[in-house]
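# Observations on the model geometry
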Amino acid sequence: MAAVQDGSIEPEPENEIKTETSNEVLGNPGDASGGVPPTAPVAAVATEKPAAAATDSTERQTLLAVLQFLKKSKLFESEEILRREAGLLNEIGDSQGSGAGGAALGGGGGAEPESGDASSLLSRVAGAVATAQSANATPAPAKVTPVVTGGDDQPDVNVVLAAYSQQGDPVLYPVYYSGLKRFIDSVLDCHRAELSQVFYPLFVHMYLELVYNQYEKEAKAFFDKFHGDQECYYKDDLRILSGLTKKEHMKGNETLLDFRTSKFVLRISRDSYQLLKRHLQERQNNQIWNIIQEHLYIDIFDGMPRSKGQIDSMSGSLAGEAKREANKAKVFYGLLKEPEIEVPLDDEDEEAENEEGKPKKKKPKKDSTGSKSKKQDPNAPQQSRIPLPELKDSDKLDKIMNMKEATKRVRLGPESLPSICFYTFLNAYQGLTAVDFTDDSSLVAGGFADSTVRVWSVTPKKLRGVKTAGDLSLIDKDSDDVLERIMDEKTASESKNLYGHSGPVYGISFSPDRNYLLSCSEDATVRLWSLQTFTCLVGYKGHNYPVWDTQFSPYGYYFISGGHDRVARLWATDHYQPLRIFSGHLADITCTRFHPNSNYVATGSADRTIRLWDVLNGNCVRIFTGHKGPIHCLAFSPNGKFLASGATDGRVLLWDIGHGLMIGELKGHTDTVYALKFSRDGEILASGSMDNTVRLWDATKAFDDIETDDFTAATGHITLPENSQELLLGSYMTKSTPVIHLHFTRRNLLLGAGAYNP
Amino acid sequence: LPGELMKGIAESIGVSQMQECVCVSECSLLSPSVCLCSQDALKFMHHGKRRKLMTSDIDYALKLKNVEPLYGFHAQDFIPFRFASGGGRELYFYEEKEVDLSDIINTPLPRVPLDVSMKAHWLSIEGVQPAIPENPPPAPKEQQKAESTEPLKAVKPGQEEEGQLQGKDKKKLLEGSAMKLKPRSTHELSVEQQLYYKEITEACVGSCEAKRAVRVNVVQNNLALLIYLMRMVKALMDNPTLYLEKYVSAAQRCLALPCPTLP
């Protein structure tokens, strides 16, 4: 998106002309409200433009628009003069049916207070596709077409800002709004909740229009009068809005601009929608109708109108809810088949893994954690859908260890709660910003605000670095314990510090094979560290803004990072540039997680939505709305079907990936939830938060109720049961230690981590 | 942002007379930038897993917008703003003291703060929180009352029994060991607790004179027993960490037994 230069003259004259139309006097420069730099007289501007030879197509369109207006207002002489000076021929002027649409008479919204007059021609000057018919339409309300930026070289921002033409007399905005309020109050209860969804986006858009058109006083009055009516979960946004009183303020704010270009999505039942439409298409309410058509996308569904509770649970995001089509793509949420590795019965002497089919003296146990059937799970992706790294010998060893540990795994449930071992970081001085455990729980790493990364060994085994090259050449390479010999005993220590970042480290991730560590930081880089030498190997530069989170893929090799620049990037460790860029969020990405089958990536963002992206082609396959604050943690269930998310509003929401629906809400935390983890078999969900507690929830029960397929699949609305209390299995307070990270060991022991903060 | 802010800033840099309207317009230009900057600083605070906004957050937020950060505002807790009022205005300013360079050079270095270390402890053992020093003290009375009146609320923190007894004789405080209460199941008293219980009851109502340190008349025996019992009950009730409602009925029954024997 091109940066908006204040000096760009393109939208300015249009604004001038626009504001002039309300007074219907051309060439009256002094009426423009103060504060806008290019307050050159309109007439002068209009005449200057042709001098610039209208080489630019947009300038040409502006010119044509001006001509049209003059013609319509019966200012023939002025029109003639302008035409002569511009050197334009007559035939170019009138009905431009083509896409150039410079006439832009497709704009609805009258310049005069009475609505429906299509004479506000400059509402869609730049690149709007206006139909020729509506261009010369009768004063019947023309359908407002959205601003289409296709085929224009004008920067999007200008187009967007130019979209804020004046829709009617600003002084009457409160009147329109109150009128709508009265109407909605008068409808039946069942429709009222749905129609009330319209208030917030309407309020914001109307306010921004007033600000953009420099009606500061009216904007302030409008804001003061109606901001109290909005839903409580929008109050943060409203606070930001209240600070925005001038047009210049709008230009610097990218999130706000994106908010304008993307339509706010509402889901309303057909009956309620008909009611609203009928009411608004009466003459005096046309302004609101125009605004709605322009800035709102109403996803109509057939069915019962939703209740307030249902609506409240799904709303809260920056762009409304998700359209139904957004959640219709097929998602392969099943797990990849585990490769068959034969587990030797005798641990000690059969350390080395076996190839399949190798004859053994004893009959080895088959890998039981792998899929039991040979048939492909219809919900699982193909094994080769995403190229995954080959299993190395050490990986196979790991898998065998994994399986052995799995047999000793404690079965958890409401009657058998996990024990929690908590690792407290002392003397961190509020600097601990990220923590991660290895999968086998042998190492823990912490990222700090002083830009260091420290790795500790949890087991009694110390951390050792590899010997220097000189020493390495001296060892006997054929000995059995060569892997031990390359380690330098002199460097053995409990913890190792990794220096390299130049800003607080916000995300940490161990690789599954325990060879690498990733860290991402405010300095906009992601660094790969080796855990053999404890030095930095690579710095991935791609984001230009702080990177908030990073994670290795469960199979290694790929990793994902997301940051302030509102995109998430998929990298491979051996490529210096990202393989995929997932863009679509309206605000920065605060949390990124891989799906267990490594084919999908979930990103949580400050725009209060969670998106699921397909790694193969970068498409966004799911959008989940419902949180009322930025999302700070995500967790996939081990079976890949469900996703849990925690945000600053203290709620944990549960989502069904296959159907794309919210299926549960766990209330209980009173502060931001920073840590979420499912137990190894998915029976328990543990959540840790800034309120110094760890809570255990019954995941099997939460997901059990959903197995019955009685969603209204067409509308996708569920009434969430208020069963947070029943699902809560335990709540454990720590001593002033916010819980930042949780990890279930392979035997289902829960490890927690946080910094002591007296 | 009020217009006086601009006036104060202008005066601090030497511009003496600024018109009211100029101040107001300048302030209105400032306020959204300040707003945006603080929004960004909040993001850094959230990602830093903190509740307190620090000066470093604001510095990083400014860096985000390609603005130079403010230099010299690092304080551990709060920036020591000084309050001054005068001339009809209130002002908070940061007092910049002038310090002699030689003083700074010659002062001994401050103590190096302790390095980050990691310590592990059991937050919960099979669902119950042990009462070790690393865990917070057990739930206060009110919470226990809530638990007992709403048994379905499955909050099960461990409960620690601290004996804080005000016996007639001076006794030292006995710290009780953790009593694991499993609601809806039988109470298991560990051996320690049984010992402890025996100790306490003996001290209060035992007939051993040395422990009681009070001469007791045979006639008054029962009455004295009752008194000691009541004192023990009072001590138990006074204990802020024990909630006795569950046991009231049982206690009443115990107390009622000696009564018929009273003359």
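Bear in mind that the values here come from a model prediction, so they are computed numbers and not experimental data.

Helix length check: helix α18 (residues 393–407) of chain A (15 residues) gives 22 Å between terminal C-alpha atoms against 21 Å at 1.5 Å per residue, within 8%. Every buried residue of α18(A) is accounted for by Asp395(A), Lys396(A), Ile400(A), Met403(A), Glu405(A) and Ala406(A).

The next point concerns the sheet that holds strand β28 (residues 693–698) of chain A. Strand-to-strand pairing in sheets goes through backbone hydrogen bonds, with the strands running parallel or antiparallel. Residue and element names in this part refer to chain A. Strand order in the open sheet formed by four strands is β26-β27-β28-β29, with antiparallel pairing between adjacent strands. The open sheet has two edge strands with one neighbour each: β26 (673–678) and β29 (728–733). The sheet shows a mean angle of 15 degrees between the axes of neighbouring strands, taken without regard to direction. As judged from the five bridges shared by β28 and β29, these two strands associate in the antiparallel manner.

If you look at the interface, chain A gives 53 residues, while chain B gives 45 residues. For the chain A and chain B pair, buried surface summed over both sides reaches about 4,600 Å², with 59% attributable to carbon and sulfur atoms. Viewed at the interface, chain B and chain A are joined by four salt bridges. For Lys63(B), the salt bridge identified is with Glu522(A), shortest N-O distance 3.3 Å. Where chain A touches chain B, the interface holds 18 residue pairs in polar contact (both at pLDDT 80 or more). Mapped by element, the contributors of at least two residues to the side of chain A that touches chain B are α12 (235–243), β3 (420–426), β4 (432–437), β5 (443–448), β6 (452–457) and β29 of chain A. At seven residues, the largest contribution of residues to the side of chain A that touches chain B is made by β3(A). The class makeup of the residues in the side of chain A that touches chain B is 29 nonpolar, 16 polar and eight charged. Pairing analysis gives seven bridges linking β3(A) to strand β3 (residues 117–124) of chain B, with the strands arranged antiparallel. Residue pairing across strands places Phe425(A) opposite Met118(B), the latter belonging to β3(B).

The next point concerns the environment of Asp513(A). Residue and element names in this part refer to chain A. In this structure, Asp 513 sits in the loop between β10 (505–510) and β11 (516–521). Among the residues examined, Asp 513 registers a relative accessible area of 19% and is labelled buried. It is 7.8 Å that separates the C-alpha atoms of Asp 513 and Asp 398, two residues lying 115 residues apart in sequence. At 2.5 Å, the side chain of Asp 513 forms a polar contact with the side chain of Ser 511.

So, on to a nonpolar patch on the surface. Side chains of Val99(B), Leu101(B), Ile104(B) and Ile105(B) sit close together on the surface and give an oily, nonpolar patch of about 430 Å² of accessible area. Examined against the element boundaries, Ile104(B) turns out to sit in helix α4 (residues 101–106).

Residues and elements named next belong to chain A. For chain A, the average pLDDT comes to 75, and 74% of its residues sit at 70 or higher. This model gives residues 1–55 a pLDDT under 50, and the stretch forms 80 contacts once residues within four places in sequence are excluded. Between residues 346–371, whose pLDDT stays under 50, and residues either more than four places distant or in other chains, the model counts 37 contacts.

Quick notes on the rules
- Here the residue numbers are simple positions, counted from 1 along each chain's written sequence.
- To label them, take the chains in the order written and letter them from A, then take the ligands in the order written and number them from 1.
- Residues qualify for local features only when their pLDDT is at least 70, as the model is predicted, and side-chain atom pairs are given and counted only at 80 or more; totals for whole chains, interfaces and linings, by contrast, use all residues.
- Side-chain metrics in this entry use all non-hydrogen atoms of the structure; hydrogen atoms and water are not considered.
- Counting from the N terminus, the helices are DSSP H or I runs at least four residues long and the strands are E runs at least two residues long.
- In this analysis, the expected span of each helix is defined as 1.5 Å times one less than the number of residues it contains.
- The rule is simple: take the accessible area with a 1.4 Å probe, protein chains only, and divide by the maximum for that residue type; under 20% is buried, over 50% is exposed, in between is partly exposed.
- In this description, strands pair whenever DSSP reports at least two bridges between them.
- With axes taken as lines fitted to C-alpha atoms, and helix axes fitted only over the stretch in contact, angles between N-to-C directions fall between 0 and 180 degrees.
- In what follows, a contact means two residues having at least one pair of non-hydrogen atoms within 4.5 Å.
- Summed over both partners, the accessible surface that disappears when two parts come together, traced with a 1.4 Å probe, is what is meant by buried area.
- Within this document, salt bridges are pairs made up of a side-chain nitrogen of Lys or Arg and a carboxyl oxygen of Asp or Glu, the two lying within 4 Å of each other.
- Contacts described as polar in this section are N or O atom pairs within 3.5 Å, which, within protein, must combine one atom able to donate a hydrogen with one able to accept it, while residues neighboring in sequence count only if both atoms come from side chains.
- Gly counts as polar in this scheme, as do all residues outside two lists: the nonpolar Ala, Val, Leu, Ile, Met, Phe, Trp, Tyr, Cys and Pro, and the charged Asp, Glu, Lys and Arg.
- Patch building starts from residues that exceed 30% relative accessible area and form no salt bridge, then joins like charges within 9 Å and nonpolar side chains (Val, Leu, Ile, Met, Phe, Trp, Tyr) within 5 Å.
- Exposure was quantified through the Shrake-Rupley algorithm and a 1.4 Å probe, taking into account, for residues, occlusion by the shown protein chains and nothing else.
- pLDDT is a residue-level measure of predictor confidence that goes from 0 to 100.

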